[in-house]
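Given next are the chains, with one letter for each unit.
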Amino acid sequence: MTTFALIGAGPGLGAAVARRFGRHGFDIALISRSQPHLDTLAAQLGEDGVTARGFAADVRDPDALNAALDAATSTLGPIEVLQYSPVPHKDFMKPVLETTAADLQGPFAFSVGGPVTAVRNVLPGMRDLGRGTLLLLFVNGGSAVRPHPDRAGTSIAFAAESAYARLLHDQLAPDGIHVAQLIIPGAITPGDDRKDPDVLAGLLFDLHRERTGFRHFAEPLDA
């Protein structure tokens, strides 16, 4: 069995990506904070012929996140693809001159601690699989590469997450594990030519299939 683990499973991009990978033979492990929400999403995906199960965890809680990933592996099988794309909390987005050191603890737990925990959990299993299709996907907003003064927490934490992902890309390539980052500037917008959830899901699947380069953009950043 082949498992795609989606950390940050929601009704928009998350559902679209789950359907896309599910149609290509992946079983889907859905991870977010609310089990009822996950059960509803898994049932909807099941109606579309996708095998999906929900495993609740807060990404800021390493024990809970490890438990969810362990349960996903035990239930569905080894994780071949991991996507990290939870939506940041609004309270991470204070203006830079109003941001204290304490204000950065949440964003760092969310955007650095969560990814590190997840990668360290799935990496041994990926290495055991030894396939040429292993993939770690990181999805971030535009502030990951162009910091915004009114969104200091996410700008700083996304930059750190980007650095971690880039280091993984360089270190894991010899092991046949591809690491890619997709930057989505602005809001995900249904009906948009570039940022509709289904369009983005197709782009993410292309990153899995083509396995070229590290950083990719859903659309160019404004000048």
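Position numbers for residues count from 1 along each chain, tracking the sequence in the order it is written. Where totals are concerned, whole chains, interfaces and linings use all residues; where local detail is concerned, this predicted model gives features only for residues with pLDDT of at least 70, and gives and counts side-chain atom pairs only at 80 or more. To obtain the side-chain values, all non-hydrogen atoms of the structure were used and water was disregarded.

**Some details on the overall build of the protein**
The criterion, for reference: Counting from the N terminus, the helices are the DSSP runs of H or I reaching at least four residues and the strands are the DSSP runs of E reaching at least two. Restricting the calculation to C-alpha atoms gives the radius of gyration, and the globule rule supplies 2.2 Å times the number of residues raised to the power 0.38. To sort residues, take the accessible area from a 1.4 Å probe on protein chains only and compare it with the maximum for the residue type: under 20% means buried, over 50% means exposed, and anything in between is partly exposed. Contacts: residue pairs with any heavy atoms within 4.5 Å of one another. Throughout, the Shrake-Rupley method with a 1.4 Å probe supplies accessible areas, and for residues the shown protein chains are the sole cover considered. Charge counting treats Lys and Arg as positive and Asp and Glu as negative, with His and both chain ends excluded. Working definition for charges: the position is that of NZ of Lys, CZ of Arg, CG of Asp or CD of Glu.
Within the protein one finds 6 helices and 7 strands. Ordering the α and β elements of the protein from the N terminus gives β-α-β-α-β-α-β-α-β-α-β-α-β. Scaling as 2.2 N^0.38, a compact globule of 223 residues should have a C-alpha radius of gyration of about 17 Å, and the protein matches this with 16 Å. Each of the three principal axes of the protein carries a C-alpha extent, and together these read 50 × 40 × 40 Å. The buried share of the protein, reckoned over its 223 residues, is 49%. Here the analysis covers contacts within the protein between residues at least 6 apart in sequence; of these, 72% occur between residues at least 24 apart. Here the protein has roughly 10,100 Å² of accessible surface; of this, 53% comes from carbon and sulfur atoms. Looking at the protein, you have 19 positive and 25 negative side-chain charges, and the mean spots of the two groups are 3 Å apart.

**Looking at the sheet that holds strand β3 (residues 52–56)**
Heads up, the condition is: Should DSSP find at least two bridges between two strands, the strands are taken to pair. Convention adopted: a line fitted to C-alpha atoms gives each axis, helices being fitted over their contacting stretch, and angles between N-to-C directions are expressed from 0 to 180 degrees.
The strand order β3-β2-β1-β4-β5-β6-β7 describes an open sheet built from 7 strands, whose pairing is parallel. Looking at strand neighbours, the two that pair on one side only are β3 and β7 (215–217), the edges of this open sheet. On average, adjacent strands in this sheet sit at an angle of 20 degrees to one another, irrespective of strand direction. Of the pairings in the sheet, the one linking strand β4 (residues 79–84) to strand β5 (residues 134–141) comprises 4 bridges and is parallel in character.

**Comments concerning helix α1 (residues 13–23)**
Given 3.6 residues per helical turn, the α-helix brings residues three or four places apart onto the same face. The element α1 is extensively covered by neighbouring structure, given that 8 of its 11 residues are classed as buried. Buried within α1 we find Leu13, Gly14, Ala15, Ala16, Val17, Ala18, Phe21 and Gly22. Just downstream of α1 lies Gly25, where phi reads positive at about 95 degrees.

**Side note on the side chain of Asp103**
To be explicit about the condition: Polar contacts here mean pairs of N or O atoms no more than 3.5 Å apart (in protein, one a potential hydrogen donor and the other a potential acceptor; neighbouring residues in sequence count only if both atoms are side-chain atoms).
As for its position among the elements, Asp103 is in the loop between β4 and α4 (105–129). A polar atom in the side chain of Asp103 sits 3.1 Å from the side chain of Lys94. A distance of 2.9 Å separates a polar side-chain atom of Asp103 from the backbone nitrogen of Thr100. Apart from the residues lying within four places of it in its own chain, the contact partners of Asp103 are Lys94 and Glu98.

**A look at the side chain of Thr154**
Relative to the helices and strands, Thr154 is located in helix α5 (residues 152–172). When near neighbours in sequence (up to four residues on either side) are disregarded, Thr154 contacts Pro88, Phe92, Met93, Ser143 and Ala159.

**Observations concerning the packing of helix α3 (residues 62–76) against α4**
Heads up, the condition is: The handedness criterion is simple: a crossing whose near helix is rotated anticlockwise from the far helix by less than a right angle is left-handed, and one whose near helix is rotated clockwise is right-handed. Note on residue classes: Ala, Val, Leu, Ile, Met, Phe, Trp, Tyr, Cys and Pro are nonpolar, Asp, Glu, Lys and Arg are charged, and everything else, Gly too, is polar.
Contact pair α3 / α4: the axes reach a minimum separation of 10 Å and the direction vectors enclose 35 degrees. Remark: the crossing between α3 and α4 carries right-handed chirality. Contacts from Pro62, Leu65, Asn66, Leu69 and Asp70 in α3 reach Gly114, Thr117, Ala118, Asn121 and Val122 in α4. Counted by class, the contact of α3 with α4 contains 5 nonpolar, 4 polar and 1 charged residues.

**Thoughts on unusual backbone geometry**
At Arg211, a residue that is not glycine, the phi angle is positive and equals roughly 55 degrees. Inspection of the secondary structure puts Arg211 in the loop between α6 (197–210) and β7. Taking the relative accessible area as the measure of exposure, Arg211 reaches 23% and is therefore partly exposed.

**Thoughts on the environment of Thr100**
Of note, Thr100 is situated in the loop between β4 and α4. A relative accessible area of 42% places Thr100 in the partly exposed class. C-alpha of Thr100 to C-alpha of Ala160: the two residues are 60 residues apart in sequence and 17 Å apart in space.

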